[in-house]
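Spelled out, the chains give:
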Amino acid sequence: MLSIMKLSVFQILEFLLFSSFLYRQTVVRHTFIVQDTEYTKLCSTKTILTVNGQFPGPTLYVNKGETIIVDVYNKAHYNITIHWHGVKQPGYPWSDGPEFITQCPIRPGQKFSQKVIFSTEEGTVWWHAHSDWSRATVHGAIVVYPKNKNYPFPKPHADVPIVFDTFKLMVNYGKTYLLRLVNAAVGDILFFAIKNHQLTVVGTDGSYTKPLKVDYITISPGQTIDVLLEANQPLDHYYMAARVYSSADGVEYDNTTTTAIIQYNGKYTPSSPSPLPYLPYYNDTSASVNFTGRLKSLADENHPINVPLNVSTNLFFTVSVNTLPCIEGNACEGPNGTRLSASVNNISFVSPSIDILKAYYLNISDVYSDKFPSKPPLFFDFTADSFPSYLETPEQATKVKVLEYNTTVELVFQGTNLLAGTDHPMHLHGYSFYVVGWGFGNYDKEKDPLKYNLVDPPLQNTIAVPKNGWAAIRFKAINPGVWFMHCHLERHFSWGMEMAFIIKNGEGPKGKMLPPPPDMPPC
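Residues numbered from 1 in each chain as written. Predicted model: local features only at pLDDT ≥ 70, side-chain atom pairs only at ≥ 80, totals over all residues. Heavy atoms only, no water.

Caption draft 1: The arrangement of the overall build of the protein chain in detail. Looking only at helices and strands, the protein chain has four helices and 31 strands in total. For the protein chain, whose C-alpha radius of gyration is 23 Å, the value lies close to the compact-globule estimate of 24 Å for 523 residues. Once the C-alpha set of the protein chain is aligned to its principal axes, its extents read approximately 85 × 60 × 50 Å. Here the protein chain holds 523 residues, and 56% of them are scored as buried. Once local pairs closer than 6 in sequence are excluded, the contacts in the protein chain between residues at least 24 apart make up 77%. (Helix = DSSP H or I, 4+ residues; strand = E, 2+ residues; numbered from the N terminus. Rg over C-alpha atoms; globule rule 2.2 N^0.38 Å. Buried < 20%, exposed > 50% of the residue type's maximum accessible area, 1.4 Å probe, protein only. Contact = heavy atoms within 4.5 Å.)

Caption draft 2: Representation of the state of the cysteines. In total, this model carries two disulfides according to the counting rule given. Each disulfide pairs two cysteine sulfurs, and for C104 the partner residue is C523, the sulfurs being separated by 1.8 Å. When the S-S torsion is 80°, as for the bridge of C104 with C523, the disulfide is right-handed. Of this pair, C104 sits in the loop between β5 (82–85) and β6 (111–117) while C523 sits in the segment after β31 (498–503), placing them 419 residues apart in sequence. There is a disulfide in this structure between C326 and C332, and the S-S distance comes to 1.9 Å. (Disulfide = S-S within 2.5 Å.)

Caption draft 3: Spatial organisation of the sheet that holds strand β1 (residues 28–41). Read from one edge to the other, the open sheet built from four strands follows the order β2-β1-β4-β6, with strand pairing classed as mixed. Among the strands making up the open sheet, the edge pair consists of β2 (44–51) and β6. Adjacent strand axes in the sheet meet at a mean angle of 25° when their direction is disregarded. Bridge count for strand β4 (residues 67–74) against β6 is seven bridges, and the pairing is antiparallel. Paired with T67 across the bridge in β6 is I117. (Pairing = 2+ DSSP bridges. Axes fitted to C-alpha atoms, helices over the stretch in contact; angles between N-to-C directions.)

Caption draft 4: Spatial organisation of the sheet that holds strand β25 (residues 424–428). Pairing is mixed in the open sheet, where five strands are placed in the order β23-β31-β30-β25-β28. The sheet is open, and its two edges are formed by β23 (400–403) and β28 (462–465), each paired on a single side. Within the sheet, the average angular offset between the axes of one strand and its neighbour, ignoring direction, is 20°. Pairing geometry for strand β30 (residues 481–487) and β31, over six bridges, is antiparallel. Bridged to W483 within β31 is F501.

Caption draft 5: Spatial organisation of the nonpolar core. Residues F32, L60, V70, W84, F118, W127 and I142 are the most contacted members of the largest nonpolar core, which totals 40 residues. Of all hydrophobic cores here, the second largest spans 37 residues; its members include L190, I194, L199 and L279. (Core = buried A, V, L, I, M, F, W, Y, C linked by side-chain atoms within 4.5 Å.)

Caption draft 6: Local environment of the pattern of salt bridges. Under the definition given, this model contains 13 salt bridges. In this structure, K210 engages D456 in a salt bridge whose closest nitrogen and oxygen atoms are separated by 3.0 Å. Of the two residues, K210 is situated in strand β14 (residues 207–214) and D456 in the loop between β26 (433–440) and β27 (459–460); the sequence distance between them amounts to 246 residues. Note on D456: relative accessible area 11%, which makes it buried. For K504, the salt bridge identified is with E404, shortest N-O distance 3.0 Å. On the criterion of sequence distance, the pair formed by K504 in the segment after β31 and E404 in the loop between β23 and β24 (408–415) is long-range, its members being 100 residues apart. (Salt bridge = Lys/Arg side-chain N within 4 Å of Asp/Glu carboxyl O.)

Caption draft 7: Broad picture of the packing of aromatic side chains. For the coordinates displayed, the defined rule picks out 25 aromatic pairs. Centroid distance F153 to Y208: 6.1 Å. Interplanar angle 85°. Geometry classified as edge-to-face. Placement of the pair is F153 in the loop between β8 (139–145) and β9 (158–162) and Y208 in strand β14, with a sequence separation of 55 residues. Residue F153 shares its accessibility class with Y208, and that shared class is buried. Look at F380 and F387: their rings are 5.9 Å apart centre to centre, the planes differ by 80°, and that puts the pair in the edge-to-face class. The ring of Y92 has K115 lying over it, and the distance from NZ or CZ to the ring centre is 4.4 Å. Positioned above the aromatic ring of Y145, the side-chain terminus of K149 is 4.3 Å from the ring centre. (Phe/Tyr/Trp six-rings, centres within 6.5 Å; stacked < 30°, edge-to-face > 60°. Lys NZ or Arg CZ within 6 Å of the ring centre and 35° of its normal.)

Caption draft 8: Quick look at the side chain of S246. The topology assignment puts S246 in the loop between β17 (237–245) and β18 (257–264). Taking the relative accessible area as the measure of exposure, S246 reaches 10% and is therefore buried.

Caption draft 9: Seen up close, the confidence of the model for the protein chain. Per-residue confidence for the protein chain averages 92 on the pLDDT scale, and 94% of its residues sit at or above 70. Predicted confidence for residues 1–24 stays below pLDDT 50, and this span has 13 contacts to residues more than four positions away or in other chains. (pLDDT = per-residue confidence, 0-100.)

Caption draft 10: Geometry of a nonpolar patch on the surface. A contiguous nonpolar patch, built from Y361, L362 and I364 and spanning about 270 Å² of accessible area, is present on the exposed surface. For Y361, the location among the structural elements is in helix α3 (residues 356–361). The class for Y361 is partly exposed, based on a relative accessible area of 36%. (Patch = residues over 30% accessible without salt bridge, like charges linked within 9 Å, V, L, I, M, F, W, Y side chains within 5 Å. Areas by Shrake-Rupley, 256 points an atom, 1.4 Å probe, with all protein chains shown as cover.)

Caption draft 11: The side chain of H303, seen in detail. As for its placement among the helices and strands, H303 is situated in the loop between α2 (285–292) and β19 (313–324). Leave out the neighbours within four places in its chain, and H303 touches E122, P152, Y208 and L298.

Caption draft 12: Representation of unusual backbone geometry in the model. Across the junction of F55 and P56, the peptide omega takes the value -10°, indicating a cis bond. Among the structural elements, P56 can be located in the loop between β2 and β3 (60–63). The phi dihedral of N52 falls on the positive side, at around 55°, and the residue is not glycine. On the secondary structure map, N52 appears in the loop between β2 and β3. Taking relative accessible area as the criterion, N52 reaches 30% and is therefore assigned partly exposed. The phi dihedral of Q89 falls on the positive side, at around 50°, and the residue is not glycine.

Caption draft 13: Region of the structure containing the environment of Q110. For Q110, the location among the structural elements is in the loop between β5 and β6. Here Q110 falls in the partly exposed class, since its relative accessible area comes to 23%. Along the sequence, Q110 and K75 sit 35 residues apart, while their C-alpha atoms lie 7.8 Å from each other.

Next comes the structure, spelled out in structure tokens:
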């Protein structure tokens with residue numbers, strides 16, 4: 001009994017010392033003021049929601065492993081939350097940001113000081129609002145520098161965050177530029193290219209990749225991609241361009257092409273008109289997945305990877321667009337007067353009245369169910385051309401999946417063709433995961449794992465499940481807390497294609513969730 005008591009005391013002391021260390025690190029503070037701002041573009045002025053009056057919002061610059069505090073003041077007329085997309089926040093889900101998952105919203109006139117803990121991230125991640133559609137204008141990049149700025153590639157001449165907005169980039173011939181691309185679009189996967197210039201992909205989602213030379217990239221909502229641009233062409237002006245990739249049949253999409261300019265410094269007469277770069281056709285699924293499927297982790301001596309090889313928990317999640325009966329006052333835009341919905345494993349998520357994290361931490365009952373299923377209720381030909389109508393109606397519920405600490409997880413996302421087969425960029429908060437495989441059609445648990453990449457799969461936090469296809473990811477559940485998972489297409493997210501994981505506490509200080517801050521927004 002005495003030895004057990006001593007062990008408990010030492011464990012508590014170790015935990016307190018670890019917590020104290022986290023708080024005593026030099027912490028840089030930033031101020032975010034959420035406010036309505038008049039914004040003018042192409043001679044049109046309108047009022048939009050911004051941070052610090054900027055659109056896109058301010059870029060944050062941090063070093064690997066740093067902790068910062070962002071004081072968020074809500075001076076707008078709407079509720080707001082801020083999410084640090086791609087930041088794992090080890091043991092500290094309290095500042096992660098999704099509304100009614102890890103916090104209640106910051107209401108007008110309120111302030112919330114969010115501690116943002118960086119750990120293994122290196123490269124580009126980003127931040128954005130996580131309440132309703134405010135993400136469309138409330139977002140910005142986060143640049144995470146490697147220690148001592150030792151890049152695994154030649155140091156670039158300049159470092160340029162691009163959050164797809166129209167702008168001009170001045171370059172010098174013979175120099176190399178690191179472009180940090182962020183797809184902050186709320187509803188579109190994008191093709192991106194630069195006229196007459198190849199790009200070298202060197203990172204995605206805050207992790208380095210093997211250098212990959214490409215003529216275009218595909219970037220999903222929520223995803224970041226780092227590319228090197230060599231300014232090696234004749235002095236001129238060259239278009240950068242982005243076009244929507246939309247695979248869903250019969251669904252309206254934005255067919256405009258977003259452009260920006262690469263302008264070489266020097267004395268010359270620019271070509272006029274400058275042609276646009278080649279971009280794949282708007283519904284070219286092969287072009288989309290062929291880019292994504294070539295990404296591989298850098299996996300060198302200084303950037304080792306640790307792909308889980310022995311899986312202890314297998315999960316199979318279908319992701320579907322569904323319908324629900326029409327309710328008066330709702331937009332009923334689905335077939336036969338129904339309203340559109342979306343689901344994971346045939347469960348369309350219903351937001352609770354208080355956040356799930358608080359309910360879990362304080363053991364408050366009747367907020368959520370811990371019975372989220374490991375597989376869908378029915379197995380059928382998920383990618384068939386037609387289905388019985390009863391399969392289109394999901395269950396509506398607030399359910400979470402509970403995982404033991406240190407569990408090694410394989411999760412297969414299976415896209416379905418239930419109402420409209422399309423791509424689904426799935427994002428997991430609090431974690432990065434290895435994308436070990438993908439394919440078209442129905443996942444075959446006997447044959448498809450034989451084609452997995454378990455040597456150098458890309459480490460990502462957002463993966464686009466291809467239209468009528470599947471994607472397999474692996475991760476180790478070593479970050480305790482409540483962590484959200486959802487489709488990053490805003491319409492699918494708003495229709496209920498979301499769920500949450502609860503990762504239980506483990507042993508030792510790193511296996512324990514830290515306590516909440518004193519200024520959590522009230523519900």
